[in-house]
Amino acid sequence: MRYQGTIIRPFSEADSYLLQCTLGCSHNQCTFCGTYKDKPFRIRPLQEIKEDIRMARQHLGDARKVFLCDGDAIAMPTDMLLDILKELYTAFASLRHVGTYVGPQSTLGKSMEELRALRAAGLTKAYLGVETGDNRLLGQVRKGVGAPQMLLAGRNLVAADFNLSAMVLLGLAGRGEGSQVHAQATADMINAMAPRYLAAMTVTPVPRTPLFQQVQSGEFELLDAFETLAEMRTLLDGLTLDPLKFVGVHASNYLPVNGTLQRDKAGMLALLDEAIQSRDPRLLRSDSQRGL
Ligand code: SF4
């Protein structure tokens, strides 16, 4: 098993075999993201990837879950991805789950037939960085698509029967009236997209990113912990999907909140209300406990 550079994967892929298919992110321009700044995007040669699968087979014996790295493996040509999926399911008898991050532009670059073929070949889970449902904010953070395109990318994945996990960023609009606009627009987009999972994380400025510079210069004001929780509350309150697994336990968040909508919504809102109204920092994760 060979890896180049920083490797990240979603929390829920902690027990997956990580197979690096691409390096970096095909977009790599989001103002808040520094993950792949030192890693220009490229697709690894198919032979190398197949060698890695053989090495993993020898080392692990079997695997139930695989995650395709890096930031946007769906950007690969579809026939290559189909080849990799075939190799994986041949190598690992117990394989039931193959997940990947999916960029909205790369997803929209696939026809519905291609998405269905990938799903039928065993690409089961897609993690889409929605970030916000606010069209203006998507432009500001240079996500590369507007809200209509983001929604379409998510809906296409759902229509192709992917298990879709949407990821959004609390605090992305900074301090001011944009915060609540961001939260409500994000709830509206998620309702229309209908993923099975919604992961809410908190924006964390990373050195050498445009957002970090905006924070340093005072152009962007970060929300405090309680303003961030108020944003999470608006988002949660606006969600009407049933069922939807709400995952707000990421290490970047001030308060871990987790549950299944609509069953656990009242309890999650009560937890947020208690923290917001008390403004008691002891109810929150400390800055030293939080991380990316
Ligand atoms: S699409 Fe994702 S990985 Fe790529 S720059 Fe944006 S946040 Fe980072």
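Preceding block: the structure.
Residues numbered from 1 in each chain as written. Predicted model: local features only at pLDDT ≥ 70, side-chain atom pairs only at ≥ 80, totals over all residues. Heavy atoms only, no water.

*Asks:* Looking at this model, I keep getting lost on the sheet that holds strand β1 (residues 17–20). Mind explaining?
*Replies:* Within a sheet, adjacent strands bond to each other through the backbone by hydrogen bonds, running parallel or antiparallel. Spatial strand order, β1-β4-β5-β6-β7-β8-β9-β10: eight strands in an open sheet with mixed pairing. At either margin of the open sheet sits one strand with a lone partner, and together these are β1 and β10 (257–261). Each adjacent strand pair in this sheet contributes to an overall mean axis angle of 20°, direction not counted. As paired elements, strand β9 (residues 244–248) and β10 share five bridges and run antiparallel to each other. Its bridge partner being in β10, L244 is matched across the sheet by L261. In the packing of helix α7 (residues 178–193) onto the sheet, contacts are made with β6 (125–131), β7 (163–170), β8 (197–202) and β9, and the angle to β7 comes to roughly 175°. Taken strand by strand, helix α10 (residues 265–278) contacts β9 and β10, and its axis lies near 155° from that of β10. (Pairing = 2+ DSSP bridges. Helix = DSSP H or I, 4+ residues; strand = E, 2+ residues; numbered from the N terminus. Axes fitted to C-alpha atoms, helices over the stretch in contact; angles between N-to-C directions. Contact = heavy atoms within 4.5 Å.)

*Asks:* Where do I start with empty space enclosed by the protein in this structure?
*Replies:* Gaps between atoms show up when a probe of the same size as a water molecule is rolled over them. Scanning the model with the defined rule gives one cavity of 30 Å³ or more in all. In this structure, the largest cavity spans a volume of roughly 30 Å³. What lines the largest cavity is simply E131, V168, L169, L170, H182, A183, T186, E231 and L235. Residue assignment for the lining of the largest cavity shows that the elements contributing at least two residues are β7, α7 and α9 (225–238). (1 Å grid on protein atoms, 1.4 Å probe; cavity = no way out; pocket = protein on both sides within 12 Å on 5 of 7 lines; lining within 4 Å. Points joined across faces, edges and corners; volume = space filled by probe spheres on them.)

*Asks:* How do you make sense of the site of the ligand when you look at a structure like this?
*Replies:* In the vicinity of the ligand, the residues found are C25, N28, Q29, C30, F32, C33, Y36 and K143. A molecule is said to occupy a pocket when more than half its atoms come within 2 Å of that pocket's grid points, and by this definition the ligand occupies the largest pocket. (Near = heavy atom within 4 Å. Sits in = over half its atoms within 2 Å of the grid points.)

*Asks:* Please explain the layout of surface pockets as it appears in this structure.
*Replies:* For the largest pocket, the calculated volume is near 1,300 Å³. If you go around the largest pocket, you meet 49 residues; those closest to its centre are I8, Y101, M167, M201 and H250. Breaking the lining of the largest pocket down by element, the ones donating at least two residues are β5 (97–102), α3 (104–108), β6, β7, β8 and β9. Broken down by class, the residue content of the lining of the largest pocket amounts to 25 nonpolar, 18 polar and six charged. Looking at the second largest pocket, its volume works out to about 200 Å³. As for the second largest pocket, its lining consists of 16 residues, and the residues nearest its centre are Q140, L172, A173, G174 and F220. Residue assignment for the lining of the second largest pocket shows that the elements contributing at least two residues are α5 (135–140) and α8 (210–217). It is α5 that contributes the most residues to the lining of the second largest pocket, three residues altogether. For the lining of the second largest pocket, the residue count by class is six nonpolar, six polar and four charged. (Nonpolar A, V, L, I, M, F, W, Y, C, P; charged D, E, K, R; others polar.)

*Asks:* Sorry, what's going on with the packing of helix α6 (residues 147–159) against α7 here?
*Replies:* Between two packed helices, what matters for the description is the angle formed by their axes and the separation of those axes. It is the contact of α6 with α7, at a shortest axis distance of 9 Å, that shows an interaxial angle of 30°. By the criterion of interaxial angle, the relationship of α6 to α7 is roughly parallel. Here α6 runs over α7; the crossing is right-handed. Two secondary-structure elements touch here, α6 through A147, M150, L151, G154, R155 and V158 and α7 through M189, A192 and M193. Across the contact of α6 with α7, the residue classes break down as seven nonpolar, one polar and one charged. (Parallel < 35°, antiparallel > 145°, perpendicular 65-115°, else oblique. Left-handed = near helix turned anticlockwise from the far one by under 90°.)

Note that all results are geometric; they support no functional claim without further evidence.
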